Amino acid sequence: MSGESIRITINGKEYEVEKGMPLGELFKLAGVKKAIGGKLGDRILDLQSPVTEPGEIKPITRKDAESLEILRHSLAHIMAQALKEIYGDKRVHLGVGPTTEEGFYYDVEVEGHSVTEEDLPKIEKKMREIIKRDYPILRHELSREEAVKLFKELGEKYKIDIISKIPPEEVISVYKQGDFVDLCRGPHLPSTGRAGSFKLTSIAGAYWMGDSSKPQLQRIYGMAFWDDKELQERLRFYEEVKKRDHRRLGRELEFFTIDENVGAGLILWLPRGATYRRIVEDYLREQHLKRGYQFVYTPHVGKSKLWETSGHLEFYKENMYPPMEMDNETYYVKPMNCPFHIAIYKSKVRSYKELPVRLFELGTVYRYELSGVLHGLLRVRGFTQDDAHIICTEEQVNDEIKNALTFAMEVLKDFGFNEFKVFISTRPEKSVGSDHQWEVTTQALMNAVRELGLNYEIDEGGGAFYGPKIDLKVKDTLGRYWQLSTIQFDFNLPERFDMTYVGEDNQKHRPYMVHRAMLGSIERFTGILLEHHAGLLPVWLSPVQVAVIPIADRHREFCGKVLQRLKSVGIRAELDNRDERMNAKIRDAELKKIPYVLVVGDREVENGAVAVRGKKEGNLGSMGIEEFIRFLQNKLEAKE
RNA sequence: GCCGGCGUAGCUCAGUCGGUAGAGCGAGGCACUCGUAAUGCCUAGGUCGCGGGUUCAAGUCCCGCCGCCGGCUCCA
C-alpha cells in the first residue's frame, strides 16, 4: 500500500480513504449493507477489489442489472471448476470465460474428449454441488512471475498467453474457490453458495483469440439470472423464437424451399411466397415511381474490366463467384448493382438540369458466403436488393438524404415496423474523398436525422472507406434489432468511373453518389418479416387473404359466387372445396394463417351473407358480402 | 472455410448387440353432408443424403464428399 489517500463518494457522502482499500471495507465504513459489488465509472468491482481510483461508487445489489455481471462471472468459474472435477485437473485447459448479455461462456479444451450436449446435465449437476459446498471466493494479487509460474504448474497454457497480453501497469489477480484457482480480474461473488439460477445451453467451437490459425476450443454457453423466474422467462423467449423461426414458417406456409440439388443458400420461392413477393415488389415499384425514381433493369454478369474499374476485384473478390470465360473475355456474376447503374448514368451526357438522377432496380446479386454461415433466408448466396443509386449535385445532397430516410421509414412502417434505431457512421482512418466531401455529406446525414426529429447514435470512424452512411435498424416483436435500410455516400466509384455532369458554367463536374437500400435483401427481409409477425402477415401481404368454406356440398355453388365476387375486386381468395368437414377446413385455414375465413351454410345462402372468422379477431358473425368487402378493403387501405 | 452435432416416407421422428424398414401427420380412394381448430375405413409411398470400404450380412461400423443445425470467422 502506498499510504496515498483518495476521495470516494458513496451515496452522496464523501470519504477520504487509503488507496487500495477493498470495496467491502469501504462499504462497511459507509454503512452500506446488502451490496454485492459497486460500480466506479464503467468498471464493476466486487467486495474484495481494491479501490485505487477516486470517484463516486454506486453500490450494486441484486436488484441492479450490473450485479448479473458478477453472478455470471462467478458461474463461469464454477463451470470451469466443475469441468476440472469431472475430467481431471490436467486435462482441462481454460481459455477465457466472460459474461454475455444473458449469461456466460467459457472456452475450454478437454484433452482427449469432446464435450457434447449430453455432457451438459452432468456438468450442471457438478456445478450445483460446488454451489452447495459454498466455497468462499477469494481474491489474490500476484506478480507477473508468480502468475506465470502458477499457471505453468497448472498446465494452463492459454492463461499464460493471456498474462503475456496484460499491460505491464495492470495488476494481476486470481480468484480462488476451494482447490480451483483462475486468472481473473473479477468481479466475483463472495462465495459460490450465492450463485443464482442457471442453465447450460449449448456448445460451439471458437478459435483461441478469435484467430483461425490458432487452436479451436469448445465454447460452453450458459444462461444465468438471480431469479429462477427470470431464467424460465428467458427460456420461454427462446421457445417463442424457435416457434417463429422463419425456416419453419416458410415451410409451413409454403413460402420457400431450399433444395440441396439446386444449391446451398439459393432460394426457391413457392407459389405462395412468390405471390407475397410480387406484392412487395409491386408496392416498391409504385412507391419509387411516386418519388421520382426511374426503374431500370441490368444484366446478371459483367466483364472483368468493369469489376476492375469498380475495385470489386481488388477488394471484394472473396465474395464473388468465380470467373466465367467466353469469347476470350472473363465475366463475373454481379455481387452488386452499382457498376451497372453507373453505366446507365454514363450512357449519355448529363446536364445539371437532369439531376438528381435516381435509378432503382430490384437487382438480383450473388455473393459467395462461407457455407457455415448460410441460414435460411437470412444469409443466402443469391438475393434481390431494392437497390437505388442517387446521383446529385452538392446542393441537392441534403434534400436527397432527408427524402431517402423518410421514404425508408414510411416503407418499413407499412410492413409493421414502428420502432427504429438510427446509426450514423463517420469517416474511418483509411478513406478516400476530400475533407470537403466528407464534411458536406456527414453534415447532410446529421441534418436529415435532426430535422426528422430522430434519435441517433454516432459510430465514430465506422463508415466505409468510400463515404459516411446512415443505417436504420428496426425492432421486431421480440425486441430484436435488425439492420435493414442503409444510405451510403460513395466518393470512390464516381472517381473510378469518371462520372460527370455538365454544370451551369458549361464545365464538367463530379456528382455525388448515394447507394441506398430500404429492405436490403428481399429474402432476408422476408425472413425477418415472417418472424416479426409470427407468420401472420398483414392482410395486404397475405398470399391468400380469404378462405371460403362451404359447410355442406349444397353450399358450393353459392361459395363459387362469393369467390368470384371477391376475386373481381382483387381480393386473393380460395375456395376450399375438398371433401372434408367444415371443422377440418377451418383448422387448415388457421394453420395456414389465412387472415379471414368465410363460412357459408344454409343461413348465409338464404341471406346472401358470409360468416366471418378473423385469424386475429375470432368469430365476427354474419355479414353481407359487400359489407365484408368494404370491411376488408378498409384494412387493406390502412395496411393493417 | 473451421469445430461439434445431425441426415431414415412430403413433414416430424422411432429403429436394441450389424441380421435386410416402422409410427403419427400429410397424400390418394371410399363412405359421411356436417355451424367455427383434426369424421371413419382402406391404400400407396423408402437406392435409409451420395460414393467407397470392412463384413457371410451395413440404416447401424470406417473413410471421403454433399447438405442441414449450433457456434466461430468473415461482412471492401
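Residues numbered from 1 in each chain as written. Chains lettered and ligands numbered in written order. Predicted model: local features only at pLDDT ≥ 70, side-chain atom pairs only at ≥ 80, totals over all residues. Heavy atoms only, no water.

### Some points on the environment of Tyr596
- You can see Tyr596 is positioned in strand S32 (residues 596-600).
- Judged by relative accessible area, which is 2%, Tyr596 ranks as buried.
- Separated by 21 residues in the primary sequence, Tyr596 and Glu617 have C-alpha atoms spaced 9.2 Å apart.
- Of note is the side chain of Tyr596, whose polar atom sits 2.5 Å from the side chain of Glu617. (Helix = DSSP H or I, 4+ residues; strand = E, 2+ residues; numbered from the N terminus. Buried < 20%, exposed > 50% of the residue type's maximum accessible area, 1.4 Å probe, protein only. Polar contact = N/O pair within 3.5 Å; in protein donor to acceptor, adjacent residues only side chain to side chain.)

### Focus: the domain arrangement of chain A
- Split into domains, chain A comes out as domain 1 (5-60), domain 2 (67-243), domain 3 (276-298 + 349-532), domain 4 (299-336) and domain 5 (539-637).
- A straight line from the C-alpha centre of domain 1 to that of domain 5 covers 68 Å. (Domains from an automatic or database assignment.)

### Looking at the sheet that holds strand S18 (residues 301-303)
- Ordered in space as S18-S20-S19, the three strands form an open sheet in which the pairing is antiparallel. A strand with exactly one partner marks an edge of an open sheet, and here the two such strands are S18 and strand S19 (324-326). Recorded for the sheet is a direction-independent mean angle of 35° between the axes of neighbouring strands.
- Where S18 meets strand S20 (residues 329-333), three bridges bridge the pair, whose relative direction is antiparallel. Bridging across to S20, Lys303 finds its partner in Tyr331. (Pairing = 2+ DSSP bridges. Axes fitted to C-alpha atoms, helices over the stretch in contact; angles between N-to-C directions.)

### Let's talk about the pattern of salt bridges
- Evaluated as defined, the whole model comprises 53 salt bridges.
- For Glu14, the salt bridge is made with Arg7, and the minimal N-O distance between the two is 2.4 Å.
- The residue Glu141 makes a salt bridge to Arg139 at a minimum N-O spacing of 2.9 Å.
- Overall, the relative accessible area of 44% leaves Glu141 in the partly exposed class.
- For Arg139, a relative accessible area of 17% translates into the label buried.
- Several salt bridges converge on common partners, so that one network encompasses Arg277, Arg278, Glu281, Asp282, Arg285 and Glu523. (Salt bridge = Lys/Arg side-chain N within 4 Å of Asp/Glu carboxyl O.)

### So, empty space enclosed by the protein
- Here the structure, examined in full by the defined rule, presents two cavities of 30 Å³ or more.
- Its volume calculated, the largest cavity comes out at about 90 Å³.
- Surrounding the largest cavity, Leu253, Phe255, Arg272, Gly535, Leu537, Ser542, Pro543, Val544, Lys592, Lys593, Ile594 and Pro595 form its lining.
- Classifying every residue of the lining of the largest cavity gives seven nonpolar, two polar and three charged.
- What lines the second largest cavity is Arg285, His288, Leu289, Tyr293, Gln294, Phe295 and Phe360.
- For the lining of the second largest cavity, the leading source of residues is helix H8 (residues 271-290), giving three residues. (1 Å grid on protein atoms, 1.4 Å probe; cavity = no way out; pocket = protein on both sides within 12 Å on 5 of 7 lines; lining within 4 Å. Points joined across faces, edges and corners; volume = space filled by probe spheres on them. Nonpolar A, V, L, I, M, F, W, Y, C, P; charged D, E, K, R; others polar.)

### With respect to the packing of helix H2 (residues 66-87) against helix H3 (residues 120-133)
- Running from N to C, H2 and H3 point in directions that differ by 110°, and their axes come no closer than 8 Å. As judged from the angle between their axes, H2 and H3 are roughly perpendicular. Both H2 and H3 take part in a crossing whose hand is right-handed. On the side of H2, the interface is formed by Leu75, Ile78, Met79, Gln81, Ala82, Leu83, Glu85, Ile86 and Tyr87, while H3 contributes Lys122, Ile123, Lys126, Met127, Ile130, Ile131 and Arg133.
- Split into classes, the residues belonging to the contact of H2 with H3 amount to eleven nonpolar, one polar and four charged. (Parallel < 35°, antiparallel > 145°, perpendicular 65-115°, else oblique. Left-handed = near helix turned anticlockwise from the far one by under 90°. Contact = heavy atoms within 4.5 Å.)

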